Amino acid sequence: MIETGTRTATPGPIERKFLDETTKPGDDFFQYANGAWLAATTIPDDEPGWGGFFEVRDRNFAVLHDVLEDAAKGGKSASEKLVGNLYASGLDEAAIEKAGIAGVREILRRAESVSKREDLPALLGWLQRRGVRAGLALRVMPDAFQSTKNLIHLMQGGLGLPDRDYYLKDDPKSTELQEKYRAHLAAMFRLLGDDETASVASAKSVYDFEHALAEASMPRVEQRDPYKVNNPTTREQLDTLAPGFDWTAFLGEIGAPDAKDFNVRQPKYLGALADAVRDRSLDEWRAYLRARVINAYAQYLPKRFEDERFAFYGRALVGQATQKPRWKRVLETVDNELGEPLGQLYVARAFPPEAKKRILDLVADLRAVLRDRIDKLEWMGEETKKAARTKLDAFAVKMGYPDTWRDFSGLSLDRGAYVDNVIKATIFNFDYDIGKLAKPVDRGEWLMSPPTVNAYYYPPRNEIVFPAGILQPPFFFADADAAVNYGAIGMVIGHEMTHGFDDQGSQFDEIGNLRNWWQESDRIAYTSRTDLVVQQFDGYEPLPGMHINGKLCLGENIADLGGLKIAYSAFERYLAREGEPPKIDGFTARQRFFLGFAQSWRSKFREEAQRMRLTIDPHSPGMYRVLGPLANLPEFFAAFGAGTMERPKEQRPAIW
Ligand SMILES: [Zn+2]
């Protein structure tokens with residue numbers, strides 16, 4: 001039997017007990033590699049899904065739990081004090097109950113008492129600084145056309161549901177969820193003291209308000225086009241885009257009164273926001289702003305607020321039966337607010353230097369293979385190849401954790417009210433972000449905390465980044481045979497490298513500027529290949545009636561295809577260099593490569609969570625991340641024998 005009860009058990013490199021040997025590998029390799037695991041695994045009540053990623057996160061949480069418990073007992077270093085105080089205040093449920101909503105009363109009061117529409121822009125800015133995304137969202141990031149320069153990026157935001165589609169679709173599942181969302185808004189208003197009639201009326205008003213913002217929002221697929229979401233805009237042009245909106249007041253409140261240049265990700269949306277400021281009644285605004293404030297802070301308030309938040313965002317939206325234990329919820333907050341101080345303590349316990357070296361070797365290995373493959377591409381001309389190699393050679397690699405830790409010395413937290421600490425940390429982080437405007441882009445900065453189970457490619461810095469959190473089984477095994485590590489973490493590394501050349505990444509150059517370095521004919525040849533990827537994934541139907549959105553997931557699917565190929569080629573080279581190892585457990589090294597890959601992606605999701613992922617997540621579900629790339633790879637069928645999975649040659653996208 002599989003021990004799903006022991007949530008922190010570390011799997012072996014390849015688990016025979018996960019296999020379904022009644023399925024022919026070439027017919028359905030995901031089922032073959034994981035069938036017994038799928039049959040025996042029950043998703044824990046407090047999770048939206050389960051699988052390799054969740055297991056690593058769970059084990060990381062166990063390490064972080066020890067870190068935080070020790071820090072809360074009275075840590076000595078500044079990092080320990082900071083995370084220890086936030087954690088301890090979050091666990092002190094008695095104090096949280098006693099404080100009630102005192103911590104957010106001033107924020108609510110401001111939202112509730114706005115009495116002139118001319119005051120709205122200043123209020124929106126004031127709320128942004130306190131973590132309340134109302135009306136729009138903003139971040140300081142590099143200028144896409146000049147990657148050394150930081151800019152304020154203004155973007156659509158301020159919806160309570162995960163995407164515009166949730167408001168605009170009218171199938172039965174969507175309308176049911178819309179109904180539940182309105183009920184949730186009403187419940188929150190009741191908790192704030194409104195009577196039944198007023199709560200229901202306010203909920204309807206907020207929903208209609210958000211519905212209008214959703215209609216004005218740019219769809220996700222459109223946002224994949226970097227030229228559509230990078231619109232350099234001057235301070236004067238903001239006035240034209242959003243007539244009547246008092247940008248001077250807004251920018252003053254966010255601490256950037258002198259900002260001159262902006263990127264407006266969705267220009268049309270800003271116009272709609274200005275319309276709302278001009279046309280919506282103040283009653284509608286007050287209801288909307290209260291809803292946004294309570295949405296931002298419910299999880300740090302007394303149980304009744306947190307429970308109501310969970311009832312919608314946990315139970316209704318992703319199907320969780322129960323909330324995670326308190327310590328995990330607080331841990332997630334510590335990671336969000338204090339990612340680097342926490343990460344510093346995490347890597348000291350969980351990330352040995354040997355692991356870093358082995359993975360850096362793998363990266364070098366894969367980079368050499370990709371370079372070679374670019375040289376040999378039939379569809380790409382010499383000039384584009386030269387530019388592609390320049391870009392690949394310029395890739396920066398970040399492994400494990402930052403070289404320089406971010407300075408948190410300006411932030412002090414205490415054992416007082418949890419929500420007070422969260423507000424202080426939020427303002428500190430917001431001001432830090434705005435502070436970047438005065439400086440050139442810091443190429444050493446990390447966008448994920450070290451314990452995060454994920455990795456990324458970031459086009460403006462042309463870098464691939466692997467937090468320590470993912471460098472663990474089933475992605476990386478310190479003691480496994482090379483086959484398994486090439487198939488699991490090797491594929492992840494190849495995936496991130498390929499992002500530099502996916503439909504988005506390929507539009508940025510070697511220093512991270514959005515600039516075309518392609519010859520026209522090569523771009524056409526490339527797109528005709530990526531169109532095949534769109535077609536392939538559009539054909540998959542993970543839930544009845546719900547297909548993968550091939551255009552939304554194109555970048556990730558290109559990266560999966562390329563990542564697996566590059567990792568496999570690198571492994572072939574390894575075999576040529578080191579010789580063919582004996583079979584292990586009855587499997588050849590090549591078979592173990594593919595098993596390591598497929599088992600690292602084992603996963604299953606609740607129907608609600610799957611529905612949400614298919615709407616907003618640019619990644620295909622785990623099963624298709626395995627089947628999709630393999631179906632195009634003759635080397636896989638050579639290793640495991642032919643089967644029905646294999647796609648006809650003319651339908652296979654051959655890109656990298
Ligand atoms: Zn990716």
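Keep in mind that this is a model prediction, so the values were computed, not measured.

Visitor: Can you walk me through helix α15 (residues 282-297) in this structure?
Guide: Owing to its 3.6 residues per turn, the α-helix brings residues three or four apart onto one side. Between its first and last C-alpha, α15 extends 22 Å over 16 residues, near the 22 Å set by a 1.5 Å rise per residue. With 13 of 16 residues buried, α15 lies mostly within the body of the structure.

Visitor: Can you walk me through the side chain of Gln-320 in this structure?
Guide: You can see Gln-320 is positioned in the loop between α16 (303-318) and α17 (326-337). Looking at Gln-320, its side chain comes within polar contact range of the main-chain oxygen of Asp-46, at 2.9 Å. Apart from the residues within four sequence positions on either side, Gln-320 is in contact with Asp-45, Asp-46, Glu-47, Pro-48, Phe-310, Gly-314, Arg-315 and Arg-606.

Visitor: Mind showing me how you'd approach the pattern of salt bridges here?
Guide: Two side chains that carry opposite charge are able to pair once their charged atoms sit near each other. A complete count under the given rule lists 53 salt bridges for this structure. Here Arg-461 and Glu-463 are joined by a salt bridge, their closest N and O atoms 3.1 Å apart. Note on Arg-461: relative accessible area 2%, which makes it buried. With a closest N to O distance of 2.7 Å, Asp-509 and Arg-515 form a salt bridge. Overall, Asp-509 belongs to the buried group, its relative accessible area being 3%.

Visitor: Just checking my understanding: could you explain helix α24 (residues 554-578) for this structure?
Guide: Its 25 residues place the ends of α24 36 Å apart at the C-alpha level, agreeing with the 36 Å of an ideal helix rising 1.5 Å per residue. Where burial is concerned, most of α24 is hidden: 19 out of the 25 residues are buried. At the exit of α24 stands Gly-579, carrying a positive phi of roughly 90°.

Visitor: Would you mind showing me how to read the pairing of strand β3 (residues 146-156) here?
Guide: Consecutive residues of a regular strand have side chains that alternate between opposite faces of the sheet. Of all 11 residues making up β3, eight are buried, and the element is well covered by its neighbours. Bridge count for strand β2 (residues 136-143) against β3 is eight bridges, and the pairing is antiparallel. Across the sheet, residue Leu-136 finds its bridge partner in β3, namely Gln-156. Where β2 hands over to β3, the hairpin turn is made up of two residues, counted between the paired strands. As judged from the three bridges shared by β3 and strand β5 (residues 261-264), these two strands associate in the parallel manner. Among the inter-strand pairings, Leu-154 is bridged to a residue of β5, identified as Val-264.

Visitor: How should I be thinking about the nonpolar core in this particular structure?
Guide: If you look at soluble globular proteins, the nonpolar side chains tend to sit buried side by side. Phe-29, Leu-154, Leu-289, Tyr-297 and Trp-656 are the most contacted members of the largest nonpolar core, which has 204 residues in total. Apart from the residues lying within four places of it in its own chain, the contact partners of Trp-656 are Leu-370, Arg-373, Ile-374, Leu-377, Trp-379, Met-380, Thr-498, Phe-501, Trp-518, Tyr-526, Ile-558 and Lys-565. Grouped together as the second largest cluster of nonpolar side chains are seven residues, Ala-137, Met-141, Tyr-456 and Val-465 included.

Rules used in this analysis
- Residues numbered from 1 in each chain as written.
- Predicted model: local features only at pLDDT ≥ 70, side-chain atom pairs only at ≥ 80, totals over all residues.
- Heavy atoms only, no water.
- Helix = DSSP H or I, 4+ residues; strand = E, 2+ residues; numbered from the N terminus.
- Expected span 1.5 Å × (residues − 1).
- Buried < 20%, exposed > 50% of the residue type's maximum accessible area, 1.4 Å probe, protein only.
- Polar contact = N/O pair within 3.5 Å; in protein donor to acceptor, adjacent residues only side chain to side chain.
- Contact = heavy atoms within 4.5 Å.
- Salt bridge = Lys/Arg side-chain N within 4 Å of Asp/Glu carboxyl O.
- Pairing = 2+ DSSP bridges.
- Core = buried A, V, L, I, M, F, W, Y, C linked by side-chain atoms within 4.5 Å.

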